[in-house]
Amino acid sequence: KTYSPANQVIIVIPIQLLYSRISRMLIQQVTRRAGRQSIQRCLSSGGANPWTDYAMAPPDPIIGLGDAFRADTFEKKVIVGVGAYRDDLGKPYVLPCVREAEQILQSQLLDHEYSGIAGDPEFVDLALKFAFGDDSAPMLENRIGGVQTLSGTGGLRVFGEMLSKHGHKHIYVPNPTWGNHIPIMQNAGLEVRKYSYYNLETSDLDFDRMVKDIADMPEGSCILLHACAHNPTGMDPTMEQWKQISDLVKKHKLLPFFDCAYQGFASGNAPKDAAALRLFVEEGHKLALVQSFSKNFGLYGQRVGALSIVGADEEEAKRVTSQMKLCIRPMYSNPPRHGARIVTTILSDPRLTADFIDQCKGMADRINDMRISLRSKLEDSGSNRSWEHVTKQIGMFAYSGMSKEEVIQMREKHHIYCTADGRISMAGVTSGNVDYIANAIHDVTKN
């Protein structure tokens, strides 16, 4: 109660209201004090800008290459660094079957609702049949579980995180491997270890050291294998060598994880490009697979992929798939729909599938023709180096054997852009520039 001395009026304030006012006053005082301390900390660290300590990140070695190329004003400049197909005029190429599938989808007036966490079930089923084969025993027994992913990159990240959550501390990748494999797996919490794969001196597969390294891997380790068209070397094991690798992986109880980014694009024959994967399945391995549909379907910007595992039975496959979904939900929630719809439309239609096979083979054949032409022109130039490996390799890339210094010299002197390890995207080689490229390579390697 409060007494007013002027008129002896008694004012009654409810105790709850008094407590509320006192609480607000205390909160305001604490907040003001904390705010002053926060500002003082910002000022003491160089200013109120919270981004002051953020350094400029180095450019991506491949994306940055494209930026440098675009800034170059030289008329005859050439880029053979980016892993995207180009036609013989050096232009981006959209498969006619993809154009037709898009027209079909447009006519259906489809909605744009969310996909489920695992993506489009029909797409996943067709993707798995494309890789494992319609007659694959695990497919027929429902022992393969899978999800749609953000192309191969997203599938790799999901699998790496799933491994990390289930006790794996490391993963083995070939040396060399696709540059993004390493940060993807590191960011997923795994130590990245390397096993021998390629001999730079002979420009060939280093198979003896490879099998020795595999034999030395700790039991239970996960080993990443390129299903076909190894990136960056383009050098694949023979089927006899794959059989030896399979036997070693089984003997030492390793977990094989196939990265399949070029099925159909490597040789022009999709079942042939999946032969190593299918061999491992026939040998009884419980394995994992990530697929990308960027190269073979030309859907680079649509981010279409799949991640799958072969389990002991249907129940196990479902359990592992549920763990994939647990990783996906907080990561990107669910995958986009359009690209998966394109692939589904093609692979669910026998005529469009036949068209795809022909058109994909056409891309592979053009690249193989450019390999033959580039090797021939290098040998005709009088080079004292062997260029046999250019035609022994397969897929989008040729691992030229040029040193970093030679690559830089070729860029500065001839305005030809490839990655620092000498990897050349054969998709960027055309009948119109192959002479220029061959002469430039000879010029920087002749001494």
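Everything below is about the structure printed above this text.
Since this is a predicted model, take the numbers as computed values, not measurements.

A. Summary view of the packing of aromatic side chains. Counted by the stated rule, this structure contains 17 aromatic pairs. A centroid spacing of 6.5 Å and a plane angle of 85° characterise the contact between Tyr262 and Phe397, whose relative ring orientation is edge-to-face. Taken as a pair, Tyr262 in the loop between β10 (255-260) and α10 (270-273) and Phe397 in strand β13 (residues 397-399) lie far apart in primary sequence, 135 residues in all. Accessibility expressed as a relative area gives 5% for Tyr262, which makes it buried. Three or more aromatic residues joined by ring pairs form one cluster here, namely Tyr85, Tyr93, Tyr262, Phe265 and Phe397. Taking NZ or CZ as reference, Lys77 lies 4.5 Å from the ring centre of Phe69, over its face. One residue, Arg423, lies across the ring of Phe397, its end atom 3.7 Å from the ring centre.

B. Local environment of the pairing of strand β11 (residues 288-292). Here β11 lies mainly inside the structure; five of its five residues are buried. Summarising the sheet, β10 and β11 pair through four bridges and their orientation is parallel. Residue pairing across strands places Asp259 opposite Val290, the latter belonging to β11. As judged from the five bridges shared by β11 and strand β12 (residues 304-310), these two strands associate in the antiparallel manner. Within β12, the position partnered with Gln291 by the bridge is Ala306.

C. The arrangement of the state of the cysteines in detail. Evaluation of the coordinates by the stated rule reveals zero disulfides. With no disulfide of its own, Cys228 lies closest to Cys260 among cysteine sulfurs, the gap being 4.9 Å.

D. Summary view of the side chain of Thr233. With respect to the helices and strands, the residue Thr233 is situated in the loop between β9 (222-226) and α9 (239-251). Assessed through its relative accessible area of 0%, Thr233 is described here as buried. In contact with Thr233, not counting residues within four places along its chain, are Pro176, Tyr197, Tyr198, Gln393, Phe397 and Tyr399.

E. How the structure looks around the environment of Pro176. Assignment of secondary structure puts Pro176 in the loop between β5 (170-175) and α7 (181-187). Given a relative accessible area of 17%, Pro176 falls into the buried group. A sequence separation of 56 residues divides Pro176 from Pro232, and the C-alpha atoms of the two residues are 7.1 Å apart. Apart from the residues lying within four places of it in its own chain, the contact partners of Pro176 are Tyr198, His230, Pro232, Thr233 and Tyr399.

F. Local environment of the packing of helix α16 (residues 404-414) against helix α17 (residues 434-445). Look at α16 against α17: their axes get within 9 Å of each other, and the N-to-C directions meet at 125°. The angle between the axes of α16 and α17 places the two elements in the oblique class. Viewed along their axes, α16 and α17 form a crossing whose handedness is right-handed. For the pair α16 and α17, contact is made by Glu406, Gln409, Met410, Lys413 and His414 and by Tyr436, Ala440, Ile441, Asp443, Val444 and Thr445, respectively. Tallied by class, residues from the contact of α16 with α17 come to five nonpolar, three polar and three charged.

Scoring rules and cut-offs
Residues numbered from 1 in each chain as written. Predicted model: local features only at pLDDT ≥ 70, side-chain atom pairs only at ≥ 80, totals over all residues. Heavy atoms only, no water. Phe/Tyr/Trp six-rings, centres within 6.5 Å; stacked < 30°, edge-to-face > 60°. Helix = DSSP H or I, 4+ residues; strand = E, 2+ residues; numbered from the N terminus. Buried < 20%, exposed > 50% of the residue type's maximum accessible area, 1.4 Å probe, protein only. Lys NZ or Arg CZ within 6 Å of the ring centre and 35° of its normal. Pairing = 2+ DSSP bridges. Disulfide = S-S within 2.5 Å. Contact = heavy atoms within 4.5 Å. Axes fitted to C-alpha atoms, helices over the stretch in contact; angles between N-to-C directions. Parallel < 35°, antiparallel > 145°, perpendicular 65-115°, else oblique. Left-handed = near helix turned anticlockwise from the far one by under 90°. Nonpolar A, V, L, I, M, F, W, Y, C, P; charged D, E, K, R; others polar.

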